[in-house]
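Residue strings, one per chain:
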Amino acid sequence: MNTPIIFDFDGTLVDSAPGILAAFDSAFSACRMTPNQPLNLSIIGPPLMETLGNLTGTNDMSVLQPLAKEFRASYDEEKYQLTGVFPGVEEMLIGLRACGYQLYIATNKRIIPTRRILEHLGWEQYFKSVYALDSFSPPLKSKVDMLGVILADLELDHNTTLYIGDRQEDGEAALVNNIHFLLAVWGYDESDMNVWERLFSPDSLIERLGCVI
């Protein structure tokens, strides 16, 4: 069975909130600035510069770049190790691989910390390829673009490819690219989104696919 399954990363496979929020706190402290909104789960998901723009209320690169530099220094070297795993996710990955599914990651997270987290967790073996916006040159602008490039480059079948994520952005990216989307609500749970079929636990994906190990 070669059905491709593409996963979002933060909030879908891993609980990256502790490391990300700690790194943002460190960045703002280092730059002697105060974010204009609480550092909580609601800020996690968009690309780094977009999030910093939201937290500062400006697109001025002279303000954002020092913050981004401090964030990367904190997160990429240390805080990424605070990343947790949602219960049942590793067992799900093991089961899907055992059933022959080809697994991929498509994430807004930068590629360096994504790969470091995968190495830290010992998960490199589960994924055929890992993609981030900055995996490409020039970096892609959105998940819509990233899924389109992945589908084209890998020649994946739109009729069988699944994208699994936890945010409205993920569902919209799948919709634009004409692939099926499943909403993972076991992580950060944006349960007010009623448009898409939901997965309430990692093992429910195994059951839905009829994967027998």
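Look a little higher up for the structure.
Predicted model, so just to flag it, every value in this text is computed and none were measured.

Enquirer: Let's hear about the environment of L140: which residues, and what values?
Expert: Tracing the backbone through its elements, the reader meets L140 in the loop between β5 (129–132) and α6 (143–154). Beyond its immediate chain neighbours, meaning those up to four positions away, L140 contacts L133, D145, M146 and V149.

Enquirer: Got a sec to walk through the packing of helix α1 (residues 17–30) against helix α3 (residues 61–77)? Specific residues and values, please.
Expert: With their axes 8 Å apart at the nearest point, α1 and α3 run at an angle of 135 degrees to one another. Of the possible angle classes, the one that applies to α1 and α3 is oblique. Between α1 and α3 the crossing geometry is right-handed. Contact residues: α1 offers G19, I20, A23, F24, S26, A27, F28 and A30, while α3 offers L67, E70, F71, S74 and Y75. The residue inventory of the contact of α1 with α3, partitioned by class, reads 9 nonpolar, 3 polar and 1 charged.

Enquirer: Please set out the pattern of salt bridges residue by residue, giving values where relevant.
Expert: Pairing between side chains of opposite charge can happen when the charged atoms of each approach one another. By the definition in use, this model includes 7 salt bridges. E197 is paired through a salt bridge with R208; the nearest N and O atoms lie 2.6 Å apart. Pair noted here: E197 is in strand β8 (residues 197–199) and R208 is in helix α8 (residues 202–209), with a separation of 11 residues, a long-range link. For E197, a relative accessible area of 35% translates into the label partly exposed. One network of salt bridges, in which partners are shared, links D8, K143 and D170.

Enquirer: Tell me what's going on with the sheet that holds strand β7 (residues 180–184), and back it up with residues and numbers.
Expert: On the basis of which strands lie adjacent, the open sheet formed by 6 strands has the order β5-β4-β1-β6-β7-β8 and parallel pairing. The open sheet has two edge strands, β5 and β8, and neither has a second partner. When strand polarity is set aside, the average angle formed by the axes of neighbouring strands in this sheet is 25 degrees. Sheet topology places strand β1 (residues 4–7) next to strand β4 (residues 102–107); 4 bridges connect them, and they run parallel. Looking at the pairing, I6 lines up with Y104 of β4. On top of the sheet, helix α5 (residues 111–121) reaches β4 and β5; it is set at about 145 degrees to β5, its chief contact.

Enquirer: Explain the packing of aromatic side chains to me, using residue names and the numbers behind them.
Expert: Using the criterion set out here, one finds 5 aromatic pairs in the structure. Aromatic side chains F24 and F71 sit 4.5 Å apart centroid to centroid with 40 degrees between the ring planes, which places their arrangement in the tilted category. On the criterion of sequence distance, the pair formed by F24 in helix α1 and F71 in helix α3 is long-range, its members being 47 residues apart. With respect to class, F24 is no different from F71; both count as buried. Note on F71 and Y75: the rings are 5.4 Å apart at their centroids and 20 degrees apart in plane angle, and the pair reads as stacked.

Enquirer: Any details on the layout of surface pockets? Residues and values, ideally.
Expert: Quantified by volume, the largest pocket comes out at close to 510 Å³. Around the largest pocket sit 28 residues that line it, and P46, P47, L48, N108 and R110 are the ones nearest its centre. Every element with two or more residues in the lining of the largest pocket is listed here: α1, α2 (48–56) and α3. Take the lining of the largest pocket: its biggest share by element is 4 residues, from α2. Considering only residue class, the lining of the largest pocket consists of 13 nonpolar, 4 polar and 11 charged.

What counts and how
- Residues numbered from 1 in each chain as written.
- Predicted model: local features only at pLDDT ≥ 70, side-chain atom pairs only at ≥ 80, totals over all residues.
- Heavy atoms only, no water.
- Helix = DSSP H or I, 4+ residues; strand = E, 2+ residues; numbered from the N terminus.
- Contact = heavy atoms within 4.5 Å.
- Axes fitted to C-alpha atoms, helices over the stretch in contact; angles between N-to-C directions.
- Parallel < 35°, antiparallel > 145°, perpendicular 65-115°, else oblique.
- Left-handed = near helix turned anticlockwise from the far one by under 90°.
- Nonpolar A, V, L, I, M, F, W, Y, C, P; charged D, E, K, R; others polar.
- Salt bridge = Lys/Arg side-chain N within 4 Å of Asp/Glu carboxyl O.
- Buried < 20%, exposed > 50% of the residue type's maximum accessible area, 1.4 Å probe, protein only.
- Pairing = 2+ DSSP bridges.
- Phe/Tyr/Trp six-rings, centres within 6.5 Å; stacked < 30°, edge-to-face > 60°.
- 1 Å grid on protein atoms, 1.4 Å probe; cavity = no way out; pocket = protein on both sides within 12 Å on 5 of 7 lines; lining within 4 Å.
- Points joined across faces, edges and corners; volume = space filled by probe spheres on them.

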